[in-house]
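# Results of the structural survey
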Amino acid sequence: MANKIINNGLSAFILVIWMAINIFLFVWFYLFYDLGDQFFYTRHLLGSALAWARAPAAVLNFNCMLVLLPVCRNLLSLIRGSFMCCGRTIRKQLDKNLSFHKLVAYMIALMTAVHVIAHLLNVEWYNNSRLGVYDKLSTALSDLEDTENTTYLNPIRKTDIDPQQIPTYLVFTTIAGLTGVIITLALIIIITSSMEVIRRSYFEVFWYTHHLFIIFFAGLVFHGAGRIVRSQQTTDPPHNFTFCKDRTDDWGRIPECPIPQFAGGFPQTWMWVIAPMVLYLCERLLRFIRYMQAVRYRKIVMRPSKVLELQLVKSGFKMEVGQYVFLNCPAISQLEWHPFTMTSAPEEDFLSVHIRSAGDWTDKLIDIMQKLPEGAQGPKMGVDGPFGTASEDVFDYEVSMLVGAGIGVTPFASILKSIWYKFKDSNPKLRTRKIYFYWLCRETHAFEWFADLLQVLEKEMEERGMDHFLTYKLYLTGWDQSTANHVKVWVDDDTDVVTGLKQKTHYGRPIWDKEFEQVRKENPTSVVGTFLCGPQVLGKVLEKKCAKYSDVDPRKTKFYFNKENF
């Protein structure tokens, strides 16, 4: 438990604060509408559904204010840079931006469902009251007209159509009803297309449907302008509902019971969302400016396993290790931007990315590049970024464990290259004294494009007498019989038959308990940063191991888990 608090205490605290604000807003506004005297007559028509509609609306305002902030990537990078002087625990929270974005979205979906159901009931009860189905007071309140001296309470004003069609007419002919339908449909499409299976297999569907958020927020701003939920206003002389509710025939005839006046509440949603909308607009404006900046191809290389390496040059571009960029290729799509971790080092005068075939967009890009004449420039490429990730903090730890799965090795390519440059230049600021690198791949070809870098590092460390600095283990998680036979023949060779490295390839998956135990034994008093770029399943395993093998004693080994998120 103590280890979990060390690794996740601040995250849990932030979530508790967020949930507490949600609960407070819900309870406060529920009681406000359920007990407020100004809503006595409204409650008589609608019952508790009034409070059940308005309380979720308050929670929705709060969460709609938050949902855009975690995807303002330039803002997050700015904050991350500002917190470099602060503890790593604070900066780690920024790496969970997408998890928080999803959590807020789930809350929006839940509150929308409650809000919609409550209002559907409200419309039905408004209609029944208008038709005189209920008591005398409900009928009297519904019959109030909107004239010079009176104001209405029941928003259903049209009664000369089929009673069964009145609710539909109200929904599709009022500002609140129509925008509510549009908002709800947009939200349903956004959430359903964000499911993991769709996002992974049909990224373009996820990308385009997610931009319905523009319609969602536009509808949200205007939704309250209909002012359908109305409250009693103060009059002179005052209308005492306690005395007058049973004397509807005397309304306007005796001084104690003037005709009650009603008005809709002032729309407030726009006040909640205007600031994040402006911030996000600035974010997109900055993306457009970066898109217009010229990008030149330095090198285009097709690597094994259908991996495309692009080396690009952009004036004034600066990066840190492990950062990523968004790429846009107008020849494929004007609107689509896709994230890729950079494999170049900050010490290099270009940026490079390795792109694996993983969908329509990447397949089309690889196809275009393969058809280019040798030495030719590729199609126009927009580059937005760089943006910060957890891997930026790798040199803040004395000891680092880097775990990459498949193409997830890319941020660590940048880190290992940067280490090579730092050793080459004898950089005195390098505080890291030990790195453990693990790479898991399904097929042998995937190792080939990265093996060259490891060979250079192997040689560099050996020449400097620092063989102990980098310990790396490559794991082949899938192989066939021919591979096994080939390995048997060359098992006694000095170099590995798969990679050509001195370090032999391991077959199967790492036994993480054994690896963490070894790291803890070799570094008994160190703070170890564990970095993953890979699947969520592996992330859960490593996070548990970090908690398991961390010591509560501050003088002993501690593991901090960090995961790349896009």
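Residues numbered from 1 in each chain as written. Predicted model: local features only at pLDDT ≥ 70, side-chain atom pairs only at ≥ 80, totals over all residues. Heavy atoms only, no water.

Let's shift gears to the sheet that holds strand β6 (residues 338–341). The strand order β6-β5-β8 describes an open sheet built from three strands, whose pairing is antiparallel. Edge positions in the sheet fall to β6 and β8 (382–387), since each of these pairs with one other strand and no more. Ignoring strand direction, the axes of neighbouring strands in this sheet form an average angle of 30°. Alignment of strand β5 (residues 324–328) against β8, held across four bridges, turns out to be antiparallel. Its bridge partner lying in β8, L327 is registered against V383. (Pairing = 2+ DSSP bridges. Helix = DSSP H or I, 4+ residues; strand = E, 2+ residues; numbered from the N terminus. Axes fitted to C-alpha atoms, helices over the stretch in contact; angles between N-to-C directions.)

Position of E283 relative to the elements: it lies in helix α14 (residues 269–292). Taking the C-alpha atoms as reference points, E283 and R73, 210 residues apart in sequence, are found 7.7 Å from one another. The contact partners of E283, leaving out residues within four places of it in the chain, are V71, C72, R73, N74, L75 and F387. (Contact = heavy atoms within 4.5 Å.)

In this section: the packing of aromatic side chains. For the structure on display, the rule yields 27 aromatic pairs. For the pair F213 and Y280, a centre-to-centre distance of 5.2 Å together with 85° between the ring planes defines the contact as edge-to-face. With F213 in helix α12 (residues 213–223) and Y280 in helix α14, this residue pair connects regions lying 67 residues apart in the sequence. Where F326 meets F387, the ring centres are 5.9 Å apart and the plane angle is 75°; that geometry is what we call edge-to-face. Separated by 61 residues along the polypeptide, F326 in strand β5 and F387 in strand β8 bring together distant segments of the chain. Accessibility expressed as a relative area gives 4% for F326, which makes it buried. (Phe/Tyr/Trp six-rings, centres within 6.5 Å; stacked < 30°, edge-to-face > 60°. Buried < 20%, exposed > 50% of the residue type's maximum accessible area, 1.4 Å probe, protein only.)

A few words now on the sheet that holds strand β12 (residues 506–507). Read across the open sheet, the six strands follow the order β12-β11-β10-β9-β13-β14; overall the sheet is parallel. Bordering the open sheet on either side are β12 and β14 (558–563), each of which pairs with just one other strand. Two elements, strand β9 (residues 399–405) and strand β10 (residues 434–441), share seven bridges in a ladder whose sense is parallel. Note on β10: the bridge partner recorded for L402 is F437. Sitting on the sheet, helix α19 (residues 512–522) is in contact with β9, β10, β11 (470–476), β13 (527–533) and β14, with an inclination near 170° to β10. Packing against the sheet, helix α20 (residues 536–549) makes contact with β9, β13 and β14, and its axis sits at approximately 160° to β14.

On to the pattern of salt bridges. Here the structure, examined in full by the defined rule, presents 13 salt bridges. R199 is paired through a salt bridge with E196; the nearest N and O atoms lie 2.9 Å apart. Here R199 pairs with E196, and both are found in helix α10 (residues 196–201), just three residues apart, close to one helical turn. By relative accessible area, R199 is classed as buried at 18%. The partly exposed category is assigned to E196, whose relative accessible area is 42%. Here D367 makes a salt bridge to K371, at a shortest N to O gap of 3.2 Å. (Salt bridge = Lys/Arg side-chain N within 4 Å of Asp/Glu carboxyl O.)

With that settled, the discussion passes to the environment of D236. Assignment of secondary structure puts D236 in the loop between β1 (230–232) and α13 (241–244). Through-space distance from the C-alpha of D236 to that of P258 is 8.4 Å; in sequence the pair is 22 residues apart.

Within helix α15 (residues 360–370), burial applies to W361, T362, L365, I366 and M369. Down the axis, α15 shows its buried residues gathered within 130° of arc, on one side only. (Arc of directions from axis to C-beta.)

With that settled, the discussion passes to the pairing of strand β7 (residues 351–356). Buried residues dominate β7, accounting for five of its six residues. Two strands pair when backbone bridges link them, and strand β4 (residues 307–314) and β7 are joined in this way by six bridges, in the antiparallel orientation. Looking across to β7, one finds that L308 is bridged to I355.

Together, M19, I23, V27, L31 and L35 line one region of the surface with nonpolar side chains, adding up to about 440 Å² of accessible area. Its place among the elements puts L31 in helix α1 (residues 2–35). (Patch = residues over 30% accessible without salt bridge, like charges linked within 9 Å, V, L, I, M, F, W, Y side chains within 5 Å. Areas by Shrake-Rupley, 256 points an atom, 1.4 Å probe, with all protein chains shown as cover.)

Here we take up the nonpolar core. Counting residues in hydrophobic clusters, the biggest one holds 54 residues, and the most contacted among them are Y41, I108, L141, F216, F217 and W251. The element best represented in this core is helix α3 (residues 49–66), accounting for eight residues. Once residues within four sequence positions are removed from consideration, L141 is found in contact with Y41, H44, L45, L153, N154, W251 and F262. One finds V394, F395, I415 and F423 within the second-largest nonpolar core, a separate group that totals 27 residues. (Core = buried A, V, L, I, M, F, W, Y, C linked by side-chain atoms within 4.5 Å.)

Shape descriptors only; they carry no functional weight alone.
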